[in-house]
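Descriptive analysis of the structure
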Amino acid sequence: MALLLGASASLLAQRQASCAQSCSTSHQQHLGQLSGAHTPWQYAGTLGAGSSSSRTAVHRLAAPLGLPPLRQQSRLQRGHLQIVAGGGGGGGLGGHGGGPGRPVETLGQKVLLGTAVSFMALIVIIPFVNVFVQAFSHGLGPFVETVQEPDFQQAVKMTLLLSLVAVPINTAFGIQTAMYLARNDFWGKTFAISLLDLPFSISPVITGMMFVLLYGRKGLFAPLIAKFGFPIVFAFPGMALATLFVTMPFVVRELLPILEQMDMAEEEAARSLGANDFQVFWNVTLPNIRWGLLYGIILTNARAMGEFGAVSVISGNIIGQTQTLTLYVESAYKEYNSEAAFAAAVLLSFLALFTLVVKDRLEGVASQETSK
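All figures in this text were calculated on a predicted structure; none of them were measured in a lab. (Residues numbered from 1 in each chain as written. Predicted model: local features only at pLDDT ≥ 70, side-chain atom pairs only at ≥ 80, totals over all residues. Heavy atoms only, no water.)

1. Regarding the packing of helix α7 (residues 150-183) against helix α15 (residues 277-306)
The condition is simple: In this analysis, axes come from line fits to C-alpha atoms, helices being fitted only over the stretch in contact, and the angle between any two N-to-C directions falls in the range 0 to 180 degrees. Secondary structure elements are defined from DSSP: runs of H or I of at least 4 residues count as helices, runs of E of at least 2 residues count as strands, and each element is numbered from the N terminus. We call two directions roughly parallel when the angle between them is under 35 degrees, roughly antiparallel when it is over 145, roughly perpendicular when it lies between 65 and 115, and oblique otherwise. Helix crossings fall into two classes, left-handed where the near helix is turned counterclockwise from the far one by less than a right angle and right-handed where it is turned clockwise. The contact definition used throughout considers only heavy atoms, calling two residues in contact when any of these lie within 4.5 Å. Classes in brief: Ala, Val, Leu, Ile, Met, Phe, Trp, Tyr, Cys and Pro nonpolar; Asp, Glu, Lys and Arg charged; the others, Gly included, polar.
Where α7 contacts α15, the axes come no closer than 9 Å and their chain directions differ by 140°. By the criterion of interaxial angle, the relationship of α7 to α15 is oblique. Along this stretch, α7 crosses α15, giving a crossing that reads as right-handed. The segment α7 lies against α15, with T159, L160, S163, A166, V167, N170, T171, I175, M179 and R183 engaging F281, T285, L293, I297, T300, N301, A304 and M305. In terms of residue class, the contact of α7 with α15 is made up of 10 nonpolar, seven polar and one charged.

2. Observations concerning the packing of aromatic side chains
Operational definition: In summary, the pairing rule links any two rings of Phe, Tyr or Trp, Trp by its six-membered ring, whose centres are within 6.5 Å, and it sorts them by plane angle into stacked for under 30 degrees, edge-to-face for over 60 and tilted for everything else. Relative accessibility decides the category of a residue: with a 1.4 Å probe and only protein chains considered, values under 20% of the type maximum give buried, values over 50% give exposed, and everything between is partly exposed.
This model, assessed by the stated rule, comprises 10 aromatic pairs. Here F136 and F143 contribute two aromatic rings whose centre-to-centre distance is 5.1 Å and whose plane-to-plane angle is 45°, an arrangement assigned as tilted. You can call F143 buried: its relative accessible area is 17%. Relative to F221, the ring of Y215 has its centre 5.4 Å away and its plane inclined at 25°; by these criteria the two rings are stacked. Members of the aromatic cluster, joined through ring pairs, are F211, Y215, F221 and F245.

3. What to know about the confidence of the model for the protein
Using the following cut-off: Values of pLDDT, ranging from 0 to 100, describe the predictor's confidence in every residue of the model.
Scored by pLDDT, the protein has a mean of 77; 73% of the residues are at 70 or more. In the model, residues 15-51 has pLDDT below 50 throughout and makes 81 contacts with residues more than four positions away in sequence or in other chains. Scored below 50 in pLDDT, residues 64-91 makes 76 contacts in the model with residues more than four places away or belonging to other chains.

4. A short note on helix α13 (residues 249-261)
Think of an α-helix as turning once every 3.6 residues; residues three or four places apart then point the same way. Cut-off, in case you're wondering: To estimate how far a helix should extend, the number of its residues minus one is multiplied by 1.5 Å. Two axes define the bend at a residue: one fitted to the seven residues ending there, one fitted to the seven starting there, and the bend is the angle between them.
Look at α13: 19 Å from first C-alpha to last across 13 residues, which is about the 18 Å you get at 1.5 Å a residue. Its axis deflected by about 25° at L255, α13 carries its strongest bend there, up to four residues before the proline P257. Restricting attention to buried positions, one finds in α13 the residues P249, F250, V251, V252, E254, L255, L256, I258 and L259. Buried residues along α13 sit in contact with α7, α8 (189-196), α9 (198-201), α12 (236-246) and α15.

As structure tokens, then:
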């Protein structure tokens, strides 16, 4: 206990010294209130401004040490810096737009609303509904026959495999990269962040060509590939590389703004209680970034399943071998097999609808949690 008291006192002294030099007067008054904290746990409770789940996680860390429970405090008593539970750079969670708005009364407002609705209907709603109309125009039989075809099933299998490869790898990469960029300053940081947007700015077709030029028969790594006999171009490994490239930024871009806004007090308190790096991440950091992380995972999965350009170039679009659902749609439509093309489009549309439902549900839950 004496060691814990010493850690708390040292941490508090460092924060007060830093505050005296750079903090505002309001923050100095808030830190002055911390002098009444007699234990590291009370200190952690006073600084802990995060979600209830993260405060519960810190409580679990303190329980084995016999420290007193977390004091219940209002949002104003917890300090001025609040941990953002969600919300990313690309329309992240926590910003669910379900609140009341102003009524549409004037003629100009009605015309503007009608124009927006008409535009959405022509560009999104009517084409989307037409996919289902065309797919089932001759009944359910042609759709069932298409689903039972081996080539269709192989396309579904390849699509799911690419998603299973891209989502876990880019999730782990995104978490590590976002945490490092948010909590470290180094030369070239701005350039490194800009590189993350490279997959957004490069055409997917160019991405596929880049990998062909690297791993093709006359590519830079062709001698090494020929030596080991491990095919990449026109095979699943090349398709996985292309999918990993185009889906790389989503998790990073969702987590980076959240981590930059987080107050480090809870993590510092957990470390002062003896938690290691993994315990701090799992019990404190992860609960605060979970909504942004889930949103990034949803976007990554949607892009992996719907990718066309890069996969089309590097896969060779070999029927029954390297076709994904998007490539199957193109091949079937070019062969005037519109029923098969629309059947595959229906399955992709169902995946898109499922993604939207999950996204909307997560946004609603995150909005309710952050409003507490």
